[in-house]
Every structure is written in structure tokens, then in C-alpha cells.
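Remarks on the overall topology
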Amino acid sequence: MSEVVQLTRTIYRASFMLTPLIPLHVHLVRGERCAAWIDSGVKAMFPQLMIALKAANVAPEKVRFILHTHAHHDHIGCNAQMQDATGCLIAAPAAYAAWHTDFERHYQEFARPVPDLIPDTPALRDEVLSVLDAPRPVDIYLEEGVTFDLGGAVLEAISLPGHMLAEFGWLDRASGVLILGDAITGLDWPILHGHLSVAGYRQSLAKLKRLIDAGEVRRVLFAHFPPMSPSRTRQLIADAERYLAEVEATVIRVLASQPAVTLEAIWTQTCARLGRQREFRALSTVRAHLQDLQARGLVEELDDGRYALR
Ligand SMILES: [Zn+2]
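Residues numbered from 1 in each chain as written. Predicted model: local features only at pLDDT ≥ 70, side-chain atom pairs only at ≥ 80, totals over all residues. Heavy atoms only, no water.

This part covers the coordination of the zinc ion. The protein atoms that coordinate the zinc ion are His70 (NE2), His72 (ND1), His163 (NE2) and Asp182 (OD), at distances spanning 2.2 to 2.3 Å. Viewed at the metal, the four donor atoms of the zinc ion are separated by angles of 86 to 175 degrees, and the geometry they form is irregular. Read in sequence order, the donor residues coordinating the zinc ion give the pattern H-x1-H-x90-H-x18-D. (Donors = N, O, S within 2.8 Å, 3.2 Å for Na, K, Ca; no water. Tetrahedral: all angles 85-135°; square planar, octahedral: opposite > 155°, others 65-115°.)

Take the environment of leucine 21 next. Among the secondary structure elements, leucine 21 is positioned in the loop between strand 2 (11–17) and strand 3 (23–30). In this structure leucine 21 comes out as exposed when scored by relative accessible area, which is 58%. Expressed as a C-alpha distance, the spacing of leucine 21 and glycine 169, which sit 148 residues apart in the sequence, is 23 Å. (Helix = DSSP H or I, 4+ residues; strand = E, 2+ residues; numbered from the N terminus. Buried < 20%, exposed > 50% of the residue type's maximum accessible area, 1.4 Å probe, protein only.)

A few words now on the packing of aromatic side chains. A full pass over the atoms with the stated rule returns six aromatic pairs. Note on phenylalanine 148 and tryptophan 170: the rings are 5.7 Å apart at their centroids and 70 degrees apart in plane angle, and the pair reads as edge-to-face. Pair noted here: phenylalanine 148 is in strand 8 (residues 147–149) and tryptophan 170 is in strand 10 (residues 168–172), with a separation of 22 residues, a long-range link. Just as phenylalanine 148 is buried, tryptophan 170 falls in that class too. Between phenylalanine 222 and phenylalanine 225 the ring centres are 5.3 Å apart and the planes differ by 85 degrees, which places this aromatic pair in the edge-to-face class. For the residue pair phenylalanine 222 and phenylalanine 225, the accessibility class agrees, reading buried in each case. (Phe/Tyr/Trp six-rings, centres within 6.5 Å; stacked < 30°, edge-to-face > 60°.)

You can see tyrosine 12 is positioned in strand 2. A polar contact of 3.2 Å, which involves the side chain of tyrosine 12, links it to the side chain of glutamine 6. Among the polar contacts listed, one links the side chain of tyrosine 12 to the side chain of arginine 30, at a separation of 3.4 Å. (Polar contact = N/O pair within 3.5 Å; in protein donor to acceptor, adjacent residues only side chain to side chain.)

Let us look at unusual backbone geometry. Peptide bonds are, in most cases, trans, and in most cases residues other than glycine have a negative phi. If you check the backbone angles, aspartate 39 has positive phi at about 65 degrees while not being a glycine. Here aspartate 39 lies in the loop between strand 4 (35–38) and helix 1 (46–55). Accessibility expressed as a relative area gives 3% for aspartate 39, which makes it buried. Of note in the backbone geometry, asparagine 57 takes a positive phi value of approximately 60 degrees without being a glycine.

A word on the layout of surface pockets. In this structure, the largest pocket encloses a volume near 500 Å³. For the largest pocket, the lining is made up of 25 residues, of which Leu18, Thr19, His73, Glu127 and Arg281 are closest to its centre. Two domains each donate at least three residues to the lining of the largest pocket, and these are domain 1 (3–241) and domain 2 (249–309). Taken as a whole, the second largest pocket holds about 270 Å³ of empty space. When residues of the lining of the second largest pocket are traced back to their parent elements, those giving at least two are helix 4 (103–111) and helix 9 (280–295). For the lining of the second largest pocket, the element with the highest residue contribution is helix 9, accounting for six residues. Split by residue class, the lining of the second largest pocket holds eight nonpolar, seven polar and three charged. (1 Å grid on protein atoms, 1.4 Å probe; cavity = no way out; pocket = protein on both sides within 12 Å on 5 of 7 lines; lining within 4 Å. Points joined across faces, edges and corners; volume = space filled by probe spheres on them. Domains from an automatic or database assignment. Nonpolar A, V, L, I, M, F, W, Y, C, P; charged D, E, K, R; others polar.)

With 16 residues, helix 6 (residues 198–213) should reach 22 Å at 1.5 Å per residue; the first-to-last C-alpha distance of 23 Å fits that figure. Turning to helix 6, its buried residues number three or more, namely Val198, Gly200, Tyr201, Ser204, Leu205, Lys207, Leu208, Leu211 and Ile212. Of the surrounding elements, those touching the buried residues of helix 6 are strand 9 (154–159), strand 10, strand 11 (177–179), helix 7 (230–256) and helix 9. A positive phi of about 80 degrees marks glycine 215, the residue just after helix 6. (Expected span 1.5 Å × (residues − 1). Contact = heavy atoms within 4.5 Å.)

The N-to-C vectors of helix 6 and helix 7 enclose an angle of 160 degrees; their axes lie 10 Å apart at closest approach. One way to sum up the angle between helix 6 and helix 7 is to call them roughly antiparallel. By crossing handedness, the relation of helix 6 to helix 7 is classed as left-handed. Facing Val198, Tyr201, Arg202, Leu205, Leu208, Lys209, Ile212 and Asp213 of helix 6, the residues of helix 7 in contact are Pro230, Thr233, Arg234, Ile237, Ala240, Glu241, Leu244 and Glu248. (Axes fitted to C-alpha atoms, helices over the stretch in contact; angles between N-to-C directions. Parallel < 35°, antiparallel > 145°, perpendicular 65-115°, else oblique. Left-handed = near helix turned anticlockwise from the far one by under 90°.)

How big an interface is tends to be reported as the loss of accessible area on association of its parts. What the domain assignment reports for the protein is domain 1 (3–241) and domain 2 (249–309). Here the C-alpha centre of domain 2 lies 29 Å away from the C-alpha centre of domain 1. Each side of the interface is counted separately: domain 1 has 24 residues, and domain 2 has 19 residues. Here domain 1 and domain 2 share an interface that buries about 1900 Å² over both sides, 64% of which is from carbon and sulfur atoms. Of all residues in domain 1, Leu117, Ile191 and Leu192 give up the largest surface area on contact with domain 2, accounting jointly for 32% of the area buried on that side. Put simply, domain 1 and domain 2 have two salt bridges between them. With a closest N to O distance of 3.0 Å, arginine 281 and glutamate 127 form a salt bridge. Across the domain 1-domain 2 interface, the total number found is seven residue pairs in polar contact (both at pLDDT 80 or more). Elements with a minimum of two residues in the side of domain 1 that touches domain 2: helix 4, helix 5 (122–129) and helix 6. Taken together, the residues of the side of domain 1 that touches domain 2 break down into 16 nonpolar, five polar and three charged. (Buried area = accessible area lost by both parts, 1.4 Å probe. Salt bridge = Lys/Arg side-chain N within 4 Å of Asp/Glu carboxyl O.)

Here it is, written out as C-alpha cells:
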């Protein structure tokens, strides 16, 4: 799939297959005064993003912003090319601003959460870095509730942490369209897509449910899922809640199987039990669950660094 489609009167979508199973969608919102990209995809998508501008009849100088959901490599990969082509500003969460300008730090903090367990290899570097074009600083730091008025389309930042410690969705309250990055993660991928805060993820799912129940959302657009109705999104949220519970229960079962367990063994055995690839995102995820279980008083970290049920 490599295509541009018009989704609403004001929103166009460019799509790209990251893997044979995982699509990546990047959305263009066209206002009367200016236009904004929600994220910029991977660097190979740039020609397609320009095709989307043409299809939407948006002149390059009308693109005023890239409004980011989060700083992961597959969401910021065309920032330099797009800024050079349009002069747009880059708006993103402050917490990860360094990931936009220091790709070595992006790689180390994202892919090597526990450096002793994740070797620094050319293949891993390539996986993370090959989709990025060039460093570009963040021009605007986002906060919950800030709005960007494009003329006829006003996009409001909705804080939805969990997948990363800082992430935003973009809500146009007039049309009821909510555009998400990875606030709801891939649930049935061969990898664990990953979340860094279990409590944050649970709270963000609850917040999304409240927005839908309040009638604020009429359509949801995703980076890695097809567009969904409110009721379909409710089902996806329920699936995500079950997924979180399943990962948590699996970590607890691994801990219950031995008196004390190393992080490496919990990671390895959780992936085996869930049938997911043992890679860096799973390690970050398992560690986030251990931190969450510790905060809730269910797990302790022993002096030797191993973990045990309390
Ligand atoms: Zn992500």
C-alpha cells in the first residue's frame, strides 16, 4: 500500500507499509488559511507527502506546521525534507525534543533501554536510524489544550501518554475528528509495540473513552489502524485494556514461577509466553510493567537486581 486518499473535506492521508503487516498513515489537515501535517512519517514517504499536498491543492508555502503526536523515528522521519520544502514549524512534546536533534540519543534511549541486554549492532542502528532524514529542532513545545487554528479547522492537543511518556492526539472539535499516533498501540503485532507507562496508558484509554462517551469524537484516524467510528474505537480500547491485563498477568506468572527472577529472564519468558519477538520494545514494556507493579506494592526489586513478588 502506497497511496494518498481524501478522508474528509479537510483531511488527506498518505500511507506506507512499514512491514508487510504494519501500515503507517500520515494525515494532512487543510484549513482555509494554512495546512498542517500530523507527524511526518518515514523518510521514504516524502515524495508521497508531496503528492498528497498536490491532491489537496495545498501550495507548499501554505504548510505552516508539523504537529507531532510523539517523537518516535517513524513519526518524525520527513521533518527536514518537509521543512525545507515548505518552511513549516515543528511542534512536539518538550520531553523528547532531544530525539529530534540528536539521533544518537534517540537511538540509545529508544532501542537500548538496558544497554547490557541490547547489543549495539549495525542492524539495530539501521532499523532505528534509516527511516530518519535529518535532525531538525522542535520550534514549538506542546501542552495539553493548546490549539492551532488553520482556518475552519482548529486542532487541539489532547495529552495521551503511555506508549511514550509524552504523546498527544489532535482533536478538531467542530468536525469531531480525532487524529492519533500510537496512543492506542498495535495489539497483535509480532513485536510488542511498546508502552513506557502502564498507569499512563490506562489513564489515556479512560480519557479516550470519556471523550467518546461525551460525544466529542465522531471519527478516529490512526497512524497504524484504519479510520474508526466511535463504537469501533470503543472496542479497540477494550482490546487494549485486555492486552495490558494480559501482559501484566504474564509478567506476574513468570515472577510466580521462581523465587526471584532477573529482568533478562522476565523479558525472555514473557515474550515466549505471549509468542512475541524478544526485542527492545518488549524489554521497555516489561520493565514498565515491573515499575508499575512495584509502585502498586506487588513486586519488589531485590538488592541483587532481581525481581520477586511481595
Ligand atoms: Zn510510536
